Amino acid sequence: MADEKSRYVKEHGKLEQRSFLLMLVLVSLFFFFLLKPFWGSIFWACLIGLIFHPLYSRLRDLWRGRSTLSALTTLVICLIIGIVPTLFVMASFFQEGAGLYQRLQSGDFDIQGRIEQVRQAFPAVQNLLERLNLDLNNVTAQLSKAALTASQFIAQNAVQLGQGTMEFFVSLGLTLYVAFFMLRDGRSLVELLVRALPLGDAREHLLFTKFAEVARATVKGNLVVAVTQGTLGGIIFWALDIRGPLLWGVVMTLLSLIPVVGAGLIWAPVAIYLFAIGQWIQGTILVVFGVGVIGLVDNFLRPVLVGRDTKLPDYIVLLSTLGGFALFGMNGFVVGPLIAALFVAFWEIFIREFNSPPLILTADNSPPTAPLIVDPAAALDPPQKEENDSGTA
């Protein structure tokens, strides 16, 4: 009778535990679904908290633990150096994009005529397209359609930006509001998550550290490279008196967020057109500046700022960034590498903890003081070499 009662209590306890876990999962999913309209704001608030947390910590130490004042000051600095200049540049970008759309509609900017100039100046281009079974007229029509569609999209968004100003500022205010708590209470939130998640404290600290490193490296690295390349591209376009330098500078900035692709998709066709219309000096300057300055920025800064901190191979950074753009839009240049970094971190933990070689005991049943084989090549070294090395040491 006592055994049956004990079994009943045990089974009832399991049922209660499973029911509670099921309800926990359902309530959490409903809560995440409730926050779905604000995922963008929450995501960027978390990034602001991660990127500016070192500054917040310095201010808090300087002001003897005044966390609220330190968080507010950090947000003000974030607004001054990041958000306000971005708003100014984007407003000018939409204005120039709307002007380009009007020139395309009125025929003032004739893409077909400019491509015809390139074809006449470089007959080899048409021969190459014929070998690739591409019709130049079809390519010209597609480029014209793409340019008109892109400029129309910019013009429409310029109107929507003006109409949705209140919605934009509400979203910006929500981002800054959440970022304030991420700065002030971020460390305690992380500790709460470490307590709540059933992955093991050591693994959770490792994963959170990896997440923070990759987020900082991806945002700071990619944005620094993209802004630098776009700024340099806009400056050289302005210096060569090419129309719309700010517009093309912003476009080069956006393209530079994609590794390998970069700003060359803009300045290279412009250089070819300059050569086609006989402006050899301007074309040469643009090519030399594009290859020797804009290109080197990507080759030197991106591996240093992104690859070194993320510790991810270049091809994984490229594929994860492209996949992130395809799935998550503009947020994808951060979300993609973050998912890739967590993927690598989880597999590193699995290999180290669950797929490591079994421990081999010595004759006295005690573990060896050092690994029997540190590296596969060490197994091939003869014993004499080890003695010589140890004797030399």
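Note that the structure is a prediction, hence the values are computed from the model and not measured. (Residues numbered from 1 in each chain as written. Predicted model: local features only at pLDDT ≥ 70, side-chain atom pairs only at ≥ 80, totals over all residues. Heavy atoms only, no water.)

## Looking at the overall build of the protein chain
Then step 1. For the protein chain, the count of helices and strands is 15 helices and zero strands.
Then step 2. Split into buried and exposed, the 393 residues of the protein chain put 30% on the buried side.
Then step 3. Of the contacts made within the protein chain by residues no fewer than 6 positions apart, 68% connect residues no fewer than 24 positions apart.
Then step 4. Approximately 25700 Å² of the protein chain is accessible, and the part contributed by carbon and sulfur atoms is 67%. (Helix = DSSP H or I, 4+ residues; strand = E, 2+ residues; numbered from the N terminus. Buried < 20%, exposed > 50% of the residue type's maximum accessible area, 1.4 Å probe, protein only. Contact = heavy atoms within 4.5 Å. Areas by Shrake-Rupley, 256 points an atom, 1.4 Å probe, with all protein chains shown as cover.)

## Let's talk about the packing of aromatic side chains
Then step 1. Across all of its chains, the model carries eight aromatic pairs by this definition.
Then step 2. On the basis of an interplanar angle of 50° and a centroid distance of 6.3 Å, the ring pair of Phe31 and Phe32 is categorised as tilted.
Then step 3. With a relative accessible area of 45%, Phe31 lands in the partly exposed category.
Then step 4. Taking the relative accessible area as the measure of exposure, Phe32 reaches 43% and is therefore partly exposed.
Then step 5. Taken together, the ring pairs connect Phe31, Phe32 and Trp39 into an aromatic cluster. (Phe/Tyr/Trp six-rings, centres within 6.5 Å; stacked < 30°, edge-to-face > 60°.)

## Looking at the environment of Val227
Then step 1. Structurally, Val227 can be placed in helix 9 (residues 201–239).
Then step 2. Along the backbone, Val227 and Leu254 are 27 residues apart, and their C-alpha atoms lie at a distance of 8.5 Å.

## Topic: unusual backbone geometry
Only a minority of non-glycine residues have a phi that is not negative, and only a minority of peptide bonds are not trans.
Then step 1. The backbone of Arg64 sits at a positive phi, close to 55°, despite the residue not being glycine.
Then step 2. Relative to the helices and strands, Arg64 is located in the loop between helix 3 (53–62) and helix 4 (67–106).
Then step 3. Among the residues examined, Arg64 registers a relative accessible area of 79% and is labelled exposed.
Then step 4. Positive phi outside glycine occurs at Asp241, with the angle close to 60°.
Then step 5. Here Asp241 lies in the loop between helix 9 and helix 10 (245–256).
Then step 6. On the accessibility criterion, Asp241 (71% relative accessible area) is exposed.

## Some remarks on the environment of Phe52
Then step 1. Structurally, Phe52 is set in the loop between helix 2 (39–51) and helix 3.
Then step 2. Distance from Phe52 to Ala71, taken between C-alpha atoms, is 9.4 Å for residues 19 residues apart in sequence.
Then step 3. The residues contacting Phe52, other than those within four sequence positions of it, are Thr74, Cys78, Ile81 and Leu183.

## Considering the confidence of the model for the protein chain
Then step 1. Across the protein chain, the average pLDDT comes to 75, with 66% of residues at or above 70.
Then step 2. Looking over the protein chain, one finds the lowest element-wise mean pLDDT in helix 15 (residues 383–392), namely 42, and the highest in helix 3, namely 89.
Then step 3. A low-confidence stretch, residues 358–393 (pLDDT under 50), is modelled with eight contacts involving residues beyond four sequence positions or located in other chains. (pLDDT = per-residue confidence, 0-100.)

## Things to note about the layout of surface pockets
Empty space among the atoms can be located by rolling a probe the size of a water molecule over them.
Then step 1. The computed volume of the second largest pocket comes to approximately 1900 Å³.
Then step 2. Taken together, 40 residues make up the lining of the second largest pocket; nearest its centre are Cys46, Val190, Leu193, Phe208 and Phe211.
Then step 3. Where the lining of the second largest pocket is concerned, the elements lending two or more residues are helix 1 (2–34), helix 2, helix 8 (165–196), helix 9 and helix 14 (332–354).
Then step 4. Classifying every residue of the lining of the second largest pocket gives 28 nonpolar, eight polar and four charged. (1 Å grid on protein atoms, 1.4 Å probe; cavity = no way out; pocket = protein on both sides within 12 Å on 5 of 7 lines; lining within 4 Å. Points joined across faces, edges and corners; volume = space filled by probe spheres on them. Nonpolar A, V, L, I, M, F, W, Y, C, P; charged D, E, K, R; others polar.)

## Here's the deal with the side chain of His53
Then step 1. Counting through the fold element by element, His53 comes out in helix 3.
Then step 2. Discounting chain neighbours no more than four positions away, the residues touching His53 are Ile48, Leu183 and Arg187.

## With respect to the side chain of Ser320
Then step 1. The topology assignment puts Ser320 in helix 13 (residues 314–328).
Then step 2. Overall, Ser320 belongs to the buried group, its relative accessible area being 12%.
Then step 3. A distance of 2.7 Å separates a polar side-chain atom of Ser320 from the backbone oxygen of Ile316.
Then step 4. If we ignore the near neighbours within four places in the chain, the residues touching Ser320 are Gly332, Gly336, Pro337 and Ala340. (Polar contact = N/O pair within 3.5 Å; in protein donor to acceptor, adjacent residues only side chain to side chain.)

## Notes on the pattern of salt bridges
Then step 1. The final tally for this structure, using the stated rule, is three salt bridges.
Then step 2. In this structure, Arg203 engages Glu353 in a salt bridge whose closest nitrogen and oxygen atoms are separated by 2.7 Å. You can see Arg203 sitting in helix 9 and its partner Glu353 sitting in helix 14, a full 150 residues away along the chain.
Then step 3. The residue Arg352 makes a salt bridge to Glu353 at a minimum N-O spacing of 3.9 Å.
Then step 4. The class of Arg352 is partly exposed, set by a relative accessible area of 47%.
Then step 5. Salt bridges linked by common partners bring Arg203, Arg352 and Glu353 together as one network. (Salt bridge = Lys/Arg side-chain N within 4 Å of Asp/Glu carboxyl O.)

## Focus on the packing of helix 13 against helix 14
The relative placement of two packed helices is expressed as an angle between their axes plus a distance between the axes.
Then step 1. Axis separation between helix 13 and helix 14 bottoms out at 7 Å; the angle between their running directions is 125°. On the basis of the axis angle, helix 13 is oblique to helix 14. Along this stretch, helix 13 crosses helix 14, giving a crossing that reads as right-handed. Contacts between helix 13 and helix 14 involve Ile316, Ser320, Thr321, Gly324, Phe325 and Phe328 from the former and Gly332, Phe333, Val335, Gly336, Pro337, Ile339 and Ala340 from the latter.
Then step 2. Looking at the contact of helix 13 with helix 14 residue by residue, the class counts come to eight nonpolar, five polar and no charged. (Axes fitted to C-alpha atoms, helices over the stretch in contact; angles between N-to-C directions. Parallel < 35°, antiparallel > 145°, perpendicular 65-115°, else oblique. Left-handed = near helix turned anticlockwise from the far one by under 90°.)

## Description of helix 3
Then step 1. Within the span of helix 3, buried status applies to His53, Tyr56, Ser57 and Leu59. Angular distribution of buried residues about the axis of helix 3 spans 165°; they occupy a single face of the element. Residues of helix 3 that are exposed and point over 90 degrees away from its buried face: Arg58, Asp61 and Leu62. (Arc of directions from axis to C-beta.)

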